[in-house]
Structure formats: C-alpha cells, structure tokens
Amino acid sequence: MFNRPEPIHVLPEDYREVRYLRLTEPQLLLWLNVLSFVLLVPFFFFMVWWTGLVQDIRGAQTSGEILWWVGWFGVLLVFPLHEWLHGVAIRWMGHRPRYGMKTFTVLIVKVPYVLFATADNALFRRGEFVVIALAPVMVITLVGMGVMLIAPYSLHTFIAIAVILNGGGAIGDLWMTLVVLRHPSDSLVRDEEDSLRIYERYAAS
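Residues numbered from 1 in each chain as written. Predicted model: local features only at pLDDT ≥ 70, side-chain atom pairs only at ≥ 80, totals over all residues. Heavy atoms only, no water.

### Comments concerning the overall build of the protein chain
Piece 1. Across its full length, the protein chain holds 6 helices and 6 strands.
Piece 2. Ordering the α and β elements of the protein chain from the N terminus gives β-α-α-α-β-β-β-α-α-α-β-β.
Piece 3. The proportion of buried residues among the 205 residues of the protein chain is 39%.
Piece 4. Nonlocal contacts in the protein chain, meaning residues at least 24 apart in sequence, comprise 76% of its contacts between residues at least 6 apart. (Helix = DSSP H or I, 4+ residues; strand = E, 2+ residues; numbered from the N terminus. Buried < 20%, exposed > 50% of the residue type's maximum accessible area, 1.4 Å probe, protein only. Contact = heavy atoms within 4.5 Å.)

Structure, rendered in structure tokens:
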C-alpha cells in the first residue's frame, strides 16, 4: 500500500524563503489575463478536434434537446468545480482546504473576481504542489472528454465550452507550476490565497 509522507505544517529550521509571488499584483495579473486568452486557442482547437472525433466514432445520433440555460448553468459550474478539485488534492495531501473569493468594490457592491482554494499553515513539497496545481485542468479536461463519449450530442457544445474555459482559466496554475519546477525537488511551497512563498534548504555555515 502506498504510504503518503506526513504533511508539513512547520517550516524546518534548515529552510529559508527564496521567493515570494503575488498573483494579484496588477502587472502580473494583467499578463496572466492576456495569456489566459492565448491559452484558450489550443484548448479550442483540441476540443473541436475531439468533438468531431467523438461524433465520427459514435456515428449518427438523435441528439435530443436541452434548455439553453441548463447548459450554460453547467458551464458556469466549472469555476467552483475547479477550486473544489484543488481542495480535493489538498486534502489528499493531508491538509484541510479552505475556500474563498477575492472581491473588489464597485460603488458599494463587492464584485468577485477570483475564487481560490488554499490550506492554512500548510507547507507542500514541490511534487505535492504540482499535483494540486494541475489537478483541475487535468481532471476536468479528461472527464469532459470521457463524458462526451456517452452524453447526448446536444450537450457536446456546453461540455467543450466548459473544458475550454477551464483550460484558459488554469493559466495561473500552469504559470505557478513552471515557477515552482525551477526550484530543487526538496523545495517547500506555502500557498497564501493569491500568493505563494517558496523555501529551499540551505547548508548552515
């Protein structure tokens, strides 16, 4: 049986912080939003190809009808589902997930602009963090592809849109993964809602 290592809550004495990143820093947030639109392109063409392949495999089908608002409601659910899957991965690593959203105020109304899943007082090994970061884009993409093999054709467009939007929205996860992978394999990562801190082991002088 696979034994997971014990979760880490306290920074070991031989580690020090080497990098701090805040994803909601205005300039970085702007670039991530631009890149998210760029990332939509390969997901769009991939899902167009997959939708055509599925229909070739299944042949002619009676697609049936679905209310448009039901389909779009399912598409919107992909955003909380994305964060929930982060939380599932966090819990699998032995920590307790916490969910929330960041907002900004327009006049007197608070408008949400980002959902998040984090774990308080948790330190993740580099490999653990990569699994947590990539879990939603991998799971939703693969499950969406699988569901299209059995779902009515009338749902295919909505499933494809959900997968595409989730893929584009995963730009922050992919960017953080690339950043973290530039550090040694024994690095530790602390997630702080909209930012992260990376720690490396150092040799005491």
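### Observations regarding the side chain of arginine 126
Piece 1. Relative to the helices and strands, arginine 126 is located in helix α4 (residues 126–148).
Piece 2. Although arginine 126 lies buried, it forms no salt bridge, and the closest oppositely charged side chain, aspartate 186, sits 7.8 Å away as judged by the N-O distance.
Piece 3. Non-local contacts of arginine 126, meaning those with residues more than four positions away in its chain, are made with Val180, Leu181, His183, Pro184, Ser185 and Ser187. (Lys, Arg positive; Asp, Glu negative; His and termini not counted. Salt bridge = Lys/Arg side-chain N within 4 Å of Asp/Glu carboxyl O.)

### Digging into the pattern of salt bridges
Piece 1. One pass over the full model with this rule turns up 7 salt bridges.
Piece 2. Between arginine 201 and aspartate 14 there is a salt bridge; the shortest N-O distance is 2.7 Å. Of this pair, arginine 201 sits in strand β6 (residues 195–201) while aspartate 14 is found in the segment before β1 (15–22), placing the two residues 187 residues apart along the sequence.
Piece 3. On the basis of relative accessible area, arginine 201 is assigned to the partly exposed category, the value being 46%.

### Focus on α4
Piece 1. The end-to-end C-alpha separation of α4 is 33 Å, in line with the 33 Å expected for 23 residues at 1.5 Å each.
Piece 2. Its maximal kink placed at leucine 134, α4 deviates by approximately 45°, while the proline proline 136 follows within four residues. (Expected span 1.5 Å × (residues − 1). Bend = angle between axes of the 7 residues up to and from the residue.)

### Some details on the packing of aromatic side chains
Piece 1. A complete count under the given rule lists 4 aromatic pairs for this structure.
Piece 2. Here the aromatic rings of phenylalanine 44 and phenylalanine 45 are separated by 5.3 Å at their centres, their planes lie at 80°, and the arrangement is edge-to-face.
Piece 3. Of the aromatic side chains, those joined through ring pairs into one cluster are Phe46, Trp49 and Trp50. (Phe/Tyr/Trp six-rings, centres within 6.5 Å; stacked < 30°, edge-to-face > 60°.)

### Brief notes about the nonpolar core
Generally speaking, a soluble globular protein has its nonpolar side chains buried in company with each other.
Piece 1. Residues Phe43, Met47, Trp50, Phe124, Phe129, Ile132 and Leu196 are the most contacted members of the largest nonpolar core, which totals 35 residues.
Piece 2. Looking at this core, the elements that each hand over two or more residues are α1 (26–58), α3 (78–92), α4, α5 (153–169), α6 (171–180) and β6.
Piece 3. Excluding its chain neighbours within four sequence positions, the residues that come into contact with phenylalanine 129 are Phe124, Met176, Val180, Val189, Asp191 and Leu196.
Piece 4. In this structure, Tyr15, Leu123, Leu188 and Tyr199 belong to the second largest nonpolar core, which totals 5 residues. (Core = buried A, V, L, I, M, F, W, Y, C linked by side-chain atoms within 4.5 Å.)

All quantities given are derived from atomic positions and should not be read as evidence of function.
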